[in-house]
Amino acid sequence: MTIKARVDSENGQTGGWNSGWLRSASGKQVAGQALIYLLLLAVGFMLAVPFIWLVSSSLKTETDAFAIPPSFIPNPIQWSNYVMGLTEFPFVRSTINTMIIVVWVLVGTVLSASLVAFGFARVRFPGRTALFILVLSTMMIPSHVTLIPQYLLFRELKWLDSFKPLIVPSFFGGGAFYIFLLRQFFLTIPLDYDDAARIDGCGTFSVFWRIILPLSKPALGTMAIFTFMSQWNSFFEPLIYLNRFETQPLAVALTTWVQTAHGEGSMHYVPWVAIMAVSTLIALPPVMVFFLAQRHFIQGVVVSGMKG
Amino acid sequence: MSAATPAASNGRRRRMSRLRLREAIDGYICIAPWVLGFIIFTAFPIIASFVLSFSRYTILDPPRFIGLDNYTKMVSGDPLFWQSLKVTVIYTALLVPLGTVGGYLLALLLNQAVKGVGFFRTVFYLPVVTPAIASSYLFAWILNPEIGLVNNFLASINIEGPQWFASREWVIPSFIIMSLWGLGGNMILYLAGLQGVPTVLYEAAMLDGAGAWAKFRNVTLPMTSPVIFFTFLTGMIGTFQVFTGAYVITRGGPADASLFYILYLYQNAWNYLKMGYAAGLAWVLFAIIFVLTLISLRVSGRYVYYEGAVK
């Protein structure tokens, strides 16, 4: 830690919080700081209001929620929104659907992306560079270009209304982006480990399984968090592949529930407080993952340039 | 190497090559999942979707080749295509600059704060991890004309609020407000960029007598320009493909005023079963994104500063 700090200061890097360009050693400093906090609080308040409204209104009676002027404190607290959200809306079934998809995609992505990335990072074979460039170039193709033939393919296979169209592709490399990320990480592990293991009689695949994977837990963890987040929020693909209410994951099931129960496009007769209760429950797992793994998560976002 | 006797070097080379061959086979086994996936889920669909875009295919009947008809219909016979393009371009043209500037200002502010950075960062980033489905319903209600939070608040101070998602003029601004809630996504990247600017540069600038603005203009901005450009480009590609909010809240309405491009593609493919036409729409989208990326890269050469790049 101390060594790192010294190296940083020698390079003139701070990485600390107080490297701001506005800060100067003048008497205005205190006033400046106060202004900064005032602005931060104002923006923070504006960004927090929708979130507070989501949670508070999920605990309100409908008349309370529509009150003028609006109030943020539910009075009385009405838990029955959650009861409705958990019973009239098939919450448990939809959550199980989501979890099945999430877990299988996680397994498929982590296993196959790491194996492929290992191949590109640490095994030598003819055509490696060219193939890796091909991997990278697939990132340029918008998913919608391949979507329709993929849909027709899964339709031919009679896979519609099953989880297979969502799960099976993740076992085939898990996406170019993750292959790229993991390859970059694998490249930072010294090759001496591989050599030592090979001298001890390990083949390529035991090097992968016994040496590289255990050393890559941080990278795999970041990848798992990202995969969880994107699968939990996934909407378009489940929407086109899963038409039956019983098979739909949370996000799609909620729209189906709202639309079938209350008619398309009608904004007036929807039990908003119940929708807010279900929405709060849907938002809870990603928010919790974010809180529990915040440092890890933000670092991953910054390194990979991904936004959530 | 070449000094060794022919027999010995030959033998060694053969043994080496056998190991190499073994390794190469292992390598191909490692990447086999991706190769298969590439063929099945990328290469074949690309070709198929390209062919489809020149056909009429409604799933019920076999596909029929119709040449350029899909594309000529888009350009000359389909006002909804132009409407969806217009809606998406306006949305992108407003949201991406606002999100970039807003996120950057927020990151600058946060970078000045001495304490509580972690707290504010969490508050600013929380909307980004909120699922799109939750934020869509949340904003559909907050901006509901009759019973929403904003108009109820405005009513309490005797102002009549706009019709938001229900109005042709306000529906795009409403979507932009909703999307700007996720400003923290850009902010977190800018903050990392700001913290990576070496302090020596500021010290040197100070010795040269630079004030706060000069330091910002000549040090901070150039040093963080790569990350600004990155978020600008990825933001543009992302907003062009927006779908969930429009599907959940407006379904393209009122009067197609929020008919986003991907929503129109979805309707063609899965409501009207015009698979060929939808494939054509997808290719046009690809072409637009490709051209936008090329233009951005060209323009960025002039304004983006890459440390270590040889000019």
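Rules of the game
- Residues numbered from 1 in each chain as written.
- Chains lettered and ligands numbered in written order.
- Predicted model: local features only at pLDDT ≥ 70, side-chain atom pairs only at ≥ 80, totals over all residues.
- pLDDT = per-residue confidence, 0-100.
- Helix = DSSP H or I, 4+ residues; strand = E, 2+ residues; numbered from the N terminus.
- Contact = placed C-beta atoms within 7 Å.
- Domains from an automatic or database assignment.
- Nonpolar A, V, L, I, M, F, W, Y, C, P; charged D, E, K, R; others polar.
- Expected span 1.5 Å × (residues − 1).
- Bend = angle between axes of the 7 residues up to and from the residue.
- Buried ≥ 20, exposed ≤ 12 C-beta atoms within 10 Å, placed from the backbone.
- Core = buried A, V, L, I, M, F, W, Y, C linked by C-beta atoms within 7 Å.

Caption draft 1: How the structure looks around the confidence of the model for chain A. Residue and element names in this part refer to chain A. The predicted model of chain A has a mean per-residue pLDDT of 84, with 87% of residues at 70 or higher. Ranking the elements of chain A by mean pLDDT puts helix α1 (residues 2-11) last, at 37, and helix α8 (residues 164-167) first, at 96. In this model residues 1-24 is a low-confidence stretch, pLDDT under 50, and it forms 28 contacts with partners more than four residues away in sequence or in other chains.

Caption draft 2: Local environment of the domain arrangement of chain A. Residue and element names in this part refer to chain A. Split into domains, chain A comes out as domain 1 (30-78) and domain 2 (89-304). Distance between the C-alpha centres of domain 1 and domain 2: 34 Å. Tallying the contact residues gives 7 residues for domain 1 and 7 residues for domain 2. Considering each element in turn, the side of domain 1 that touches domain 2 owes the most residues, 3 residues, to helix α2 (residues 29-57). Here the side of domain 1 that touches domain 2 is built from residues that sort into 3 nonpolar, 2 polar and 2 charged.

Caption draft 3: Broad picture of helix α10 (residues 212-240) of chain B. Residue and element names in this part refer to chain B. Between its first and last C-alpha, α10 extends only 37 Å over 29 residues, short of the 42 Å set by a 1.5 Å rise per residue. For α10, the principal kink sits at Ser-225 and spans about 50 degrees; a proline, Pro-226, occurs within the next four residues. For α10, the complete set of buried residues consists of Lys-215, Val-219, Thr-220, Thr-224, Val-227, Ile-228, Thr-231, Gly-235, Thr-239 and Phe-240. Buried residues along α10 sit against α3 (79-112), α8 (184-195), α9 (199-207), α12 (261-271) and α13 (275-303).

Caption draft 4: Spatial organisation of the nonpolar core. Ile-148, Ile-179 and Leu-182 of chain A together with Ala-282 of chain B are the most contacted members of the largest nonpolar core, which has 147 residues in total. Setting aside residues no more than four positions away along its own chain, Ala-282 of chain B makes contact with His-144, Val-145, Leu-147 and Ile-148 of chain A together with Ser-49 and Leu-265 of chain B.

Caption draft 5: The interface of chain B and chain A, seen in detail. Contacts between the two partners involve 85 residues from chain B and, on the opposite side, 85 residues from chain A. Here the side of chain B that touches chain A gets 20 residues from one element, more than from any other, and that element is helix α1 (residues 6-52) of chain B. Across the side of chain B that touches chain A, the residue classes tally to 63 nonpolar, 18 polar and 4 charged.

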